[in-house]
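What the coordinates show
Listed here are the chains, written in short residue letters.
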Amino acid sequence: MGTGTIGTALTELRSAQKSAKGVSLYSRFVNRPVGRLLAAGSYAAGLTPNQVTLVSAVFSFAAVAGLALGTPSLALGLLVWLGLAVGFAFDSADGQLARLRGGGSPAGEWLDHVVDCAKITALHLAVLIGFYRHPGHFGTAADGWLLVPLGFQLAAVVTFFGGLLTEKLKPRPAPGTPAPQPSTLRAVALLPVDHGVFCLVFLLLGGGTAFRWGYTALGAASALFLLAFLAKWFRELSAAPR
């Protein structure tokens, strides 16, 4: 298929975007537009949404493997960030491609969420392995530092599961209900817990303690946001009609 097919796909995708409510500025203005380009290219190449999900998994888990097994350096940090960022963009592309092709399937949604959960879990486990294998580089000789990736992992997984379950349990809006308008203030506030922003910390991998402190700061932000999310989700579900 030629460039005309890609152009047509991009035009259709621009009018088939999900609501930007609850989405950070990075996802809204970087990841989704890049994902749109990848979705259009995947459409022209004849790929299915599930195949795009697997491409996302390949990039993400290659980065995770490099993080766990490699020697920390500026070059490795760049490669880890690139793999995670490209994987995240393809993660956006699979859903956009599904909408372009007329809608996704339960199996495709299941695969997407399983890959996402495995990626979140494995990524923090890889950081834990790095802290354990290279204590001199990261300044993690004290065993307490090994609890940081475990705490970050817990917050990330509970946030992922809690958000997913909340969306499933909330009543669907009535047909014809206007889409909620995105808040710029909320989009800025959500930047610390956006996966794309989190990926940037791996550019500090060669910096040793700089990475440790940057990663720890994002972990603390993730824990605080989780508490706020849990309160919000519980309040919304409590107020929902039975």
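Located above this text is the structure these notes cover.
Residues numbered from 1 in each chain as written. Predicted model: local features only at pLDDT ≥ 70, side-chain atom pairs only at ≥ 80, totals over all residues. Heavy atoms only, no water.

1. Concerning the packing of helix 2 (residues 25-45) against helix 4 (residues 74-100)
If you want to describe how two helices pack, look at the angle between their axes and the distance between the axes. Threshold: Here an axis means a line fitted to C-alpha atoms, over the contact stretch when the element is a helix, while the angle between two N-to-C directions is reported on a 0 to 180 degree scale. Each helix corresponds to a stretch of at least 4 residues labelled H or I by DSSP, and each strand to a stretch of at least 2 residues labelled E; elements are numbered beginning at the N terminus. In this scheme the handedness of a crossing depends on how the near helix is turned from the far one: anticlockwise by less than a right angle means left-handed, clockwise means right-handed. Any two residues whose heavy atoms approach within 4.5 Å at even a single point are treated as in contact.
Helix 4 packs onto helix 2 with a crossing angle of 65 degrees between their chain directions and a minimal axis gap of 7 Å. In the crossing of helix 2 with helix 4, the sense of the turn from one axis to the other is right-handed. For the pair helix 2 and helix 4, contact is made by Tyr-26, Ser-27, Asn-31, Arg-32, Val-34, Gly-35, Arg-36, Leu-38, Ala-39, Ser-42 and Tyr-43 and by Ala-85, Phe-88, Ala-89, Phe-90, Ser-92, Ala-93, Gln-96, Leu-97 and Leu-100, respectively.

2. Some words on the packing of aromatic side chains
Threshold: Aromatic rings from Phe, Tyr and Trp, taking only the six-membered ring of Trp, are treated as a pair when their centres fall within 6.5 Å; an angle between ring planes under 30 degrees marks them as stacked, one over 60 as edge-to-face, and anything in between as tilted. Using a 1.4 Å probe on the protein chains alone, a residue whose accessible area is under 20% of its type maximum counts as buried, one over 50% counts as exposed, and one in between counts as partly exposed.
Evaluated as defined, the whole model comprises 15 aromatic pairs. Ring geometry for Phe-152 versus Tyr-215: centroids 4.9 Å apart, planes at 45 degrees, classification tilted. Residue Phe-152 is located in helix 7 (residues 147-169), and its partner Tyr-215 is located in helix 10 (residues 209-239); the two are separated by 63 residues in the primary sequence. Side by side, Phe-152 and Tyr-215 carry an identical accessibility label, which is buried. Here the aromatic rings of Phe-225 and Phe-229 are separated by 5.8 Å at their centres, their planes lie at 45 degrees, and the arrangement is tilted. Separated by 4 residues within a single helix, Phe-225 and Phe-229 lie in helix 10, roughly one turn from each other.

3. What about the packing of helix 5 (residues 106-133) against helix 7?
The condition that has to hold: Angles are sorted into four bins: roughly parallel if under 35 degrees, roughly antiparallel if over 145, roughly perpendicular if 65 to 115, and oblique for all others. As a working rule, the residues Ala, Val, Leu, Ile, Met, Phe, Trp, Tyr, Cys and Pro are called nonpolar, Asp, Glu, Lys and Arg charged, and the rest polar, with Gly in that last group.
Two elements in contact, helix 5 and helix 7, have axes separated by 8 Å at closest approach and are oriented at 165 degrees. By the angle class used here, helix 5 and helix 7 are roughly antiparallel. Handedness of the crossing formed by helix 5 with helix 7: right-handed. Here Glu-109, His-113, Asp-116, Cys-117, Ile-120, Thr-121, His-124, Leu-125, Val-127, Leu-128 and Phe-131 of helix 5 come into contact with helix 7, specifically with Pro-149, Leu-150, Phe-152, Gln-153, Ala-156, Val-157, Phe-160, Leu-164 and Lys-168. Its residues assigned to classes, the contact of helix 5 with helix 7 shows 13 nonpolar, 4 polar and 3 charged.

4. Observations regarding the side chain of Ser-24
This is how the line gets drawn: N or O atoms closer than or at 3.5 Å make up a polar contact, with two conditions inside protein: a donor-capable atom paired with an acceptor-capable one, and, for residues adjacent in sequence, both atoms drawn from side chains.
On the secondary structure map, Ser-24 appears in the loop between helix 1 (3-14) and helix 2. Polar side-chain contacts of Ser-24 include one of 2.5 Å to the side chain of Asp-194. Among all residues touching Ser-24, those that are not within four sequence positions of it are Ala-187, Leu-190, Leu-191 and Asp-194.

5. Let's talk about helix 4
Quick reminder of the rule: Working rule for helices: expected span equals 1.5 Å times residues minus one.
Taking 1.5 Å of rise per residue, the 27 residues of helix 4 would be expected to cover 39 Å, and the 39 Å separating its terminal C-alpha atoms lies within 8% of that figure. Just past helix 4, the residue Gly-102 takes up positive phi, approximately 105 degrees.

6. Focus: the environment of Ile-120
With respect to the helices and strands, Ile-120 occurs in helix 5. Taking C-alpha positions, Ile-120 is 27 Å from Tyr-43, a pair spaced 77 residues apart along the chain.

7. Thoughts on the nonpolar core
Rules: Residues enter a nonpolar core if they are buried and are Ala, Val, Leu, Ile, Met, Phe, Trp, Tyr or Cys, with the set joined through side-chain atoms within 4.5 Å.
The biggest cluster of nonpolar side chains holds 25 residues, and the ones touching the most others in it are Leu-67, Phe-198, Phe-202, Phe-211 and Tyr-215. The set of elements that each furnish at least two residues to this core consists of helix 3 (49-69), helix 4, helix 5, helix 7, helix 9 (195-199) and helix 10. Tallying contributions element by element places helix 5 first for this core, with 5 residues. Contact partners of Leu-67, with chain neighbours within four places excluded, come to Val-80, Leu-123, Ala-126, Val-127, Phe-202 and Leu-205. In this structure, Ala-39, Ala-93, Leu-97 and Leu-100 belong to the second largest nonpolar core, which totals 6 residues.

It is worth stressing that arrangement in space is one thing and function is another; only the former is reported here.
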